[in-house]
Every structure is written in C-alpha cells, then in structure tokens.
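Notes for the structure review
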Number of protein chains: 2
Amino acid sequence: MKYTIGMDVGGTKIYTILVDESNKILATSKRKTKKGSPSLLLERIESCYEDLLQQADLTSSDISGIGIGFPGPLDPRTGIVFEATNLPEWDHFPLADKVSEICKTPVFLDNDVNLGTLGEALAGAGHGAENVIGIFLGTGVGGGLVFGGRLFHGTSGTAGEVGHMIIQHKGPKSPRNLRGTVEGLTSRTSVVKKITQKIQKGTDSVLRPLVESKTQIKSRPIAEAYRAGDPLVKTVLDQTAEYVGVTIGSLGNLLAPDVVVLGGGLMEAVPEAILPVARETAKKIVVPSTWDCMKIEAAELGDNSGAMGGAVLARQLTGSA
Amino acid sequence: MKYTIGMDVGGTKIYTILVDESNKILATSKRKTKKGSPSLLLERIESCYEDLLQQADLTSSDISGIGIGFPGPLDPRTGIVFEATNLPEWDHFPLADKVSEICKTPVFLDNDVNLGTLGEALAGAGHGAENVIGIFLGTGVGGGLVFGGRLFHGTSGTAGEVGHMIIQHKGPKSPRNLRGTVEGLTSRTSVVKKITQKIQKGTDSVLRPLVESKTQIKSRPIAEAYRAGDPLVKTVLDQTAEYVGVTIGSLGNLLAPDVVVLGGGLMEAVPEAILPVARETAKKIVVPSTWDCMKIEAAELGDNSGAMGGAVLARQLTGSA
C-alpha cells in the first residue's frame, strides 16, 4: 500500500493530510502560516510532514508523493511559485523542488482552488464523478475544472477562472475594472459591499453596528443575521444566490458536468441561503437533457478539500492510482 | 495509407469529403438534402460515397471510417438520431448503423457543430491546436469544445452549448424564455430582429424595403448594407460583435484555449464587422497570462468544416491516426 500527502498552503494556515489509496484520511496536521520568508514556511511544512508520518506510524519510503496547493500565480509543470502578494522573497520560488529535497519524495504544485475542486470531485461532494466544476465563494470567487477525473488547466495553465466570467454585461462594477463578473456579483466582498451601501443609505439591519464601527464583516455575522431573519441580508443573499444560479446555468450548458460543487467561506456559512435559489435558477437555464444528468452540491470536505486534492494529485501524477 | 470520409448532413445540403491521413482533401461531393424520409437521405449519402470513391480512384477497402455530422439531438455513443424537427420518421433512427451497412465501413455520428469545431481545430483555423472553442453565428448560435485535440461531450453528451450561456442576466428576451443568452444577443436572428424593430420605429436604413415587404433577411443583405456604410446596420453589428467579445472573454477565463474559432453564416458574411470588435472586447476581459496564449480566428473551412470534422473523428475513433 502506498500513501500520499496533500498540503494546502493558505494565507493564514497550512492544512495537511495523509491518505491511503482509497482517500481515507489517516492523519491531519495544521500550522499557522506566519507570512514571511519561504524558509519559515518550509520549516512548518517539514514539521507537518513529520507529524503526519508519526501519527500514521509510517516512514518517508511509504509516501509516493506530495501535492501542494498554493494561492497565487504558479506553474504546475515546474512547481515554481511566480509571486506571493507583497512578499518579494517568493519571486520565482521553486517550492515543489524545495519541499521534495526536505521530504525525499516527488512533490507537485497546483493552484489551491484547482486542488479543492479535485479533492471534492474525487473524494468529496463529487463522489468520483468524471466531470466536476468547483465554485468557491469567499473574499473572491475561485473555480476549478475536473474533466475525466483529472484537472483541466487549458493552454496557458490558468483555466478555471469562473470568477472572471461575465454574467451581466454592463452590470455592477466588478474587480479588474470590469462589470458584471461572477466575482463582482457573488463574492463575500460583493455581499458585504451591497449590505454596507444599503445600511449607509438608511436601510435597517442587525449588521448596522458593524458597519458604523467599520468592523470587517466576515461570513459568520452574515450567516447569523440571515438566521435571525434580517430582511436586508436575506434580500442580498437571495440576489447573490440567483447570480450563482445563473453562473451554474451557463456552465451547465457549456460543460454538461456531473456535479457542480459549491464551496468557500460564504457558502459554508449559509448553504441554506445559497443552494436552493441557485438550483432553482440554474434549472430554468440548463437544457433539460443536460439538467437530468447534473447535480449541484455543497462541498463536503471543508478546510480539507485543498489538501485532499493535493493527495489525489500526487497519486495521479506518480501513477500510483 | 488509410483514408477517411466526413459527411455534414444539413437541413438543405449534404457536404461530403474524402481526406488522406494529413487531412488533405482528395475529393468532395454534395447533394441537396430534400427533407423527407431517412431512406431518401440514405440514397443521397450512398450516391455521395460512390462519387467520392470514384473521384479519388479508391475502393471501400481503402476507407477506414466515416464521420457524420447531423443537426439535432442525437447520441454519439450509439449513432442514433433522436429526432429531426417535424419529421416523425426520424424518431430514434439508427443513422450510423444504416450508413455503415451501405458503405461497409465503421460510421460515427456527432453533432454538426461539434464536428465543425473539430474540423477547424485540427485542419482549419486551429492548425492542430490542443484546446479549441468553436462559436458559430447563424440562425442560432452553436458551439463546440475540443480539449486535448478531441471533442469534449460532457457527462450528458450535450456539452458545447455556448449559445445557451447567459452573458447579460435580465437582459433582452432570448430563445427558450430566457434573457440575455449568447444566442439571443449574437445570432443572425437577433441581428435581424434589432434591425427590423429600429426600422419599424422610423430609423433610416437601406434594408427598409426588405423589412416593409416582409422579405426574410439573410446574412448577405446585412453584409451589403454594412459595406455600403448603413449606420443602423453598423450600430447593430458593433453591439453584436461586443457581445461576441464578452462571450469569448468569459470562455477565455474559464477554459484558457489556444484558439477560439468564429464561424457561421453571419460571421462569414461580415468578418470585418465582427472580429476586430470581438477581439478588442475580449482582450479587456481575459486575464493577461491567458490572453497571451490565446488567439481568436475566423473559421477557414467554410462549408467543409463539419465534413472535415467528420473525417477527423473517423480517423480518431478507428485509431488510424
């Protein structure tokens, strides 16, 4: 039996898991990322690695590979990180090679959202489906594509940018100086912006104190306000879910997937506000013969989706599947 | 050397070609379709087949397979046509098997627009590219996806419906009771509708006599009016091209293709009105690292694109590539 390890290196935490060939999780380990130099991160990665081996009572020779998810521009073919926001030491850092030296095993690098999609597709909400689209609603909106059980990168390696698709030409202002993008209409950032603007114009809401004290509004207070029946938050989340449904409708007609997996902080906080409206909206758009073969599901793996995708990727790329 | 044949069975004509292993066209043959019974169509297919063999001085044993494009719902796996509009005799007709009996060679069936994309991808504007998206602007808007040099069908077999993507949520009324779909905003039908409405409201245009006499307006008079500098037609085609660019922008960010191929009757009639504006619009939307690897090209094979795709498909599926 050969085991693989997945690592999801985020802005604040590193999540790592060790799985067997059936994707059963045998050990997990996490650390704070502590933004800073690559060498600090490598120390933490090594510490997670040793922790995982110890927990599972295994040695390096039992591990066939490691897959690492990283948030920023990178080249999956070379394992090089091009840059990390505001951290010059990361410029063209060969992360895969460095981790491979430390852990003495092949290491593969990919975009964190791609790996989240792969993890959900093979070992989460996708349950081994062939064709899966991942949409992750958080500060921004990330996406990933799995075709035939494998990640699809497109020609430039950048495929899957669902957030930068346009679903309302000439619609509301969106990031990157565009209008009506999926990200501009469905991210938590866009939800908070809408709520804040309405409150500033006088609409009543339990979130008013947070807006007035200029506290950053995260997904949790939004979910609490929704569950407390706050009408403003309900209206904004309904609109957001409708846009999510339009996105899925378009993607369904284009790609005819088995499963669209919805994840990310906003979705995890209020799935009951997003999922039913998104399904209802998408159903009106997707042609019936496609709709009949297609599901829309909430992500199941939570914080482990990216790390699971890394473990799956390592198994696929070392041929130990 | 093994040869393959492609056939594009349209509503009005059958286009057929015979190619060698490098996709060089050795013979072409076409017939009118004469809507009616499948047996009439099979006779015409047989007649084309014999014509092709005779022209190329070959026999059945030189042909490794035939790929047929058909417009309408069908199952590529079984080669069965589910239905043809208003023609009950076509209900669940096993077209591939019937042609195989006549021509004594393996026959494969696929959607005509898919095959048009495959033909352009491998032997037309795509020049052997890995990842190609085809968008065909005609009465409706058809699309096809080629990933890794092969057609992508999705899970239900229906992938590629670019025309049913939504790019302007809550926008103008579109087919299928939707709003703001690619088809509703970029088909020739939508162009004619806009021109007609404006003329009926009093806008001046050289197309006024056609509108007043209720003559069906096809792509050719639109192109002539555009070239004659008709301001209304220019405005409508500019808007249409912008929507085409938005579509390509979204597709570029999602799929990061090598090439987006634009074809279909409207595009072939006025490429100079569509391509530059579509490129300029898409460039603003596609993330730079994707844009740098991506081209937007006019289809090159004209009426032969679907038949060429059929010939390519037959070669791929008989393993004689």
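Residues numbered from 1 in each chain as written. Chains lettered and ligands numbered in written order. Predicted model: local features only at pLDDT ≥ 70, side-chain atom pairs only at ≥ 80, totals over all residues.

It is worth spelling out the overall build of chain A at this point. Helix and strand counts for chain A come out as 12 helices and 14 strands. In terms of overall size, chain A behaves like a compact globule, its C-alpha atoms giving a radius of gyration of 20 Å where 321 residues would be expected to give roughly 20 Å. Each principal axis of the C-alpha atoms in chain A carries an extent, and together these give about 60 × 50 × 35 Å. Counting over 321 residues, chain A shows a buried share of 54%. (Helix = DSSP H or I, 4+ residues; strand = E, 2+ residues; numbered from the N terminus. Rg over C-alpha atoms; globule rule 2.2 N^0.38 Å. Buried ≥ 20, exposed ≤ 12 C-beta atoms within 10 Å, placed from the backbone.)

Between the two copies, chain B and chain A, the superposition gives an RMSD of 0.0 Å; the rotation angle is 180° and the shift along the axis is 0.0 Å. The superposition operator between the copies reduces to a two-fold rotation axis. Comparing interface residues between copies, 100% of those in chain B also lie at the interface in chain A; the contact surface is shared. (Least-squares fit on C-alpha atoms with pLDDT ≥ 70 in both. Contact = placed C-beta atoms within 7 Å.)

This next bit is on helix H1 (residues 38-56) of chain B. All names here are of chain B. Taking 1.5 Å as the rise per residue, H1 with 19 residues should run 27 Å; its terminal C-alpha atoms sit 27 Å apart, in good agreement. Of all the residues in H1, the buried ones are Leu41, Arg44, Ile45, Cys48, Tyr49, Leu52 and Leu53. At its buried positions, H1 is contacted by strand S1 (3-9), strand S2 (13-19), strand S3 (25-32) and helix H2 (95-103). Aspartate 57 occupies a position one or two residues after H1 and carries a positive phi of about 55°. (Expected span 1.5 Å × (residues − 1).)

So, about the confidence of the model for chain A. In the predicted model, chain A carries a mean pLDDT of 95, and 98% of its residues have values of at least 70. Scoring the predicted complex yields pTM 0.96 and, for the interface, ipTM 0.96. (pLDDT = per-residue confidence, 0-100.)

With that settled, the discussion passes to the domain arrangement of chain A. All names here are of chain A. Taken as a whole, chain A is organised into domain 1 (3-119 + 304-317) and domain 2 (129-299). Averaged C-alpha coordinates put domain 1 and domain 2 at centres separated by 27 Å. Facing 10 residues of domain 1, the contacting portion of domain 2 comprises 16 residues. Those elements that provide at least two residues to the side of domain 1 that touches domain 2 are helix H3 (112-123) and helix H12 (305-317). Here the side of domain 1 that touches domain 2 gets five residues from one element, more than from any other, and that element is H3. A per-class count over the side of domain 1 that touches domain 2 returns three nonpolar, five polar and two charged. (Domains from an automatic or database assignment. Nonpolar A, V, L, I, M, F, W, Y, C, P; charged D, E, K, R; others polar.)

Residue and element names in this part refer to chain B. Taken in spatial order, the five strands line up as S10-S9-S8-S13-S14 in an open sheet, and their pairing is mixed. What marks the edges here is a single partner per strand, and that holds for strand S10 (150-151) and strand S14 (295-298). Pairing between strand S13 (residues 259-263) and S14: four bridges, direction parallel. Paired with valine 261 across the bridge in S14 is glutamate 297. Across the face of the sheet, helix H3 (residues 112-123) comes into contact with strand S8 (132-137), strand S9 (141-147), S10 and S13 while running at roughly 50° to S9. (Pairing = 2+ DSSP bridges. Axes fitted to C-alpha atoms, helices over the stretch in contact; angles between N-to-C directions.)

Turning to the interface of chain B and chain A, a few remarks are in order. Interfaces are often sized by the amount of accessible area the parts lose when they come together. Across the boundary between the two partners, chain B contributes 34 residues, which contact 34 residues of chain A. Listed by contribution, the elements that provide at least two residues to the side of chain B that touches chain A are helix H8 (231-255) and helix H11 (288-291) of chain B.

Counting residues in hydrophobic clusters, the biggest one holds 205 residues, and the most contacted among them are Ile5 and Ile68 of chain A together with Ile5 and Ile68 of chain B. With residues up to four places along the chain from it excluded, the contact list for isoleucine 5 of chain A reads Thr16, Ile17, Leu18, Tyr49, Leu52, Ile63, Ile66, Ala311 and Ala314 of chain A. (Core = buried A, V, L, I, M, F, W, Y, C linked by C-beta atoms within 7 Å.)

Right, let's get into unusual backbone geometry. Residues and elements named next belong to chain A. One non-glycine residue with positive phi stands out, namely aspartate 57, at about 55°. Relative to the helices and strands, aspartate 57 is located in the loop between helix H1 (38-56) and strand S4 (63-70). Judged by the 9 C-beta atoms lying within 10 Å of it, aspartate 57 falls in the exposed class. The phi dihedral of lysine 214 is positive, around 55°, even though this residue is not glycine. Note on placement: lysine 214 falls in the loop between helix H6 (208-212) and helix H7 (219-227).

Residues and elements named next belong to chain B. Where H3 contacts helix H12 (residues 305-317), the two axes come as close as 6 Å, and the packing angle between them is 80°. Here H3 lies roughly perpendicular to H12, going by the angle between them. Every residue of H12 that contacts H3 at Asp112, Leu115, Gly116, Thr117, Leu118, Gly119, Glu120, Leu122 and Ala123 is listed here: Ser305, Gly306, Met308, Gly309, Gly310, Val312 and Leu313. Of the residues contributing to the contact of H3 with H12, the split by class is seven nonpolar, seven polar and two charged. (Parallel < 35°, antiparallel > 145°, perpendicular 65-115°, else oblique.)

What follows deals with helix H10 (residues 271-285) of chain A. If you check H10 of chain A, its first and last C-alpha atoms are 21 Å apart, about what 15 residues at 1.5 Å a residue would give, namely 21 Å. Among all positions of H10 of chain A, only Ala273, Ile274, Ala278, Thr281, Ala282 and Ile285 of chain A are buried. Taken end-on, H10 of chain A shows its buried residues confined to a sector of 115°, consistent with a single buried face. With respect to the buried face of H10 of chain A, the exposed residues turned more than 90 degrees away are Glu272 and Glu280 of chain A. Here the buried face of H10 of chain A lies against H7, helix H8 (231-255), strand S13 (259-263), helix H9 (265-269) and strand S14 (295-298) of chain A together with strand S12 (178-179) of chain B. (Arc of directions from axis to C-beta.)

Inspection of the secondary structure puts histidine 169 of chain B in the loop between S10 and strand S11 (173-174). Histidine 169 of chain B sits 12 residues away from threonine 181 of chain B along the chain, and the two C-alpha atoms are 8.0 Å apart. Setting aside residues no more than four positions away along its own chain, histidine 169 of chain B makes contact with Ile167, Gln168, Tyr243 and Val246 of chain A together with Gly180 of chain B.

On to the pairing of S2 of chain B, then. Residue and element names in this part refer to chain B. For S2, the buried fraction is high: six of the seven residues fall into the buried class. Where S1 lies against S2, six bridges are found, and the strand directions are antiparallel. Residue aspartate 8 lies in a different strand from S2, and its bridge partner there is tyrosine 15. In this antiparallel pair of consecutive strands, S1 and S2, the connection spans three residues. Relative to S3, S2 is paired through seven bridges, and the arrangement is antiparallel. Note on S3: the bridge partner recorded for leucine 18 is alanine 27.

This part is about the sheet that holds strand S3 (residues 25-32) of chain A. All names here are of chain A. Strand order in the open sheet made by the five strands is S3-S2-S1-S4-S7, with mixed pairing throughout. The sheet is open, and its two borders are formed by S3 and strand S7 (107-111), each paired with just one other strand. When the angles between neighbouring strand axes are averaged without regard to direction, this sheet yields 15°. When S4 meets S7, the two strands line up parallel, connected through five bridges. Each residue of the ladder has a partner; that of glycine 67, found in S7, is phenylalanine 108. Here H3 sits on the sheet and contacts strand S1 (3-9), S4 and S7; the angle it forms with S7, its principal contact strand, is near 100°. This element, H12, spans S1, strand S2 (13-19), S4 and S7 of the sheet and lies at about 135° to S1.

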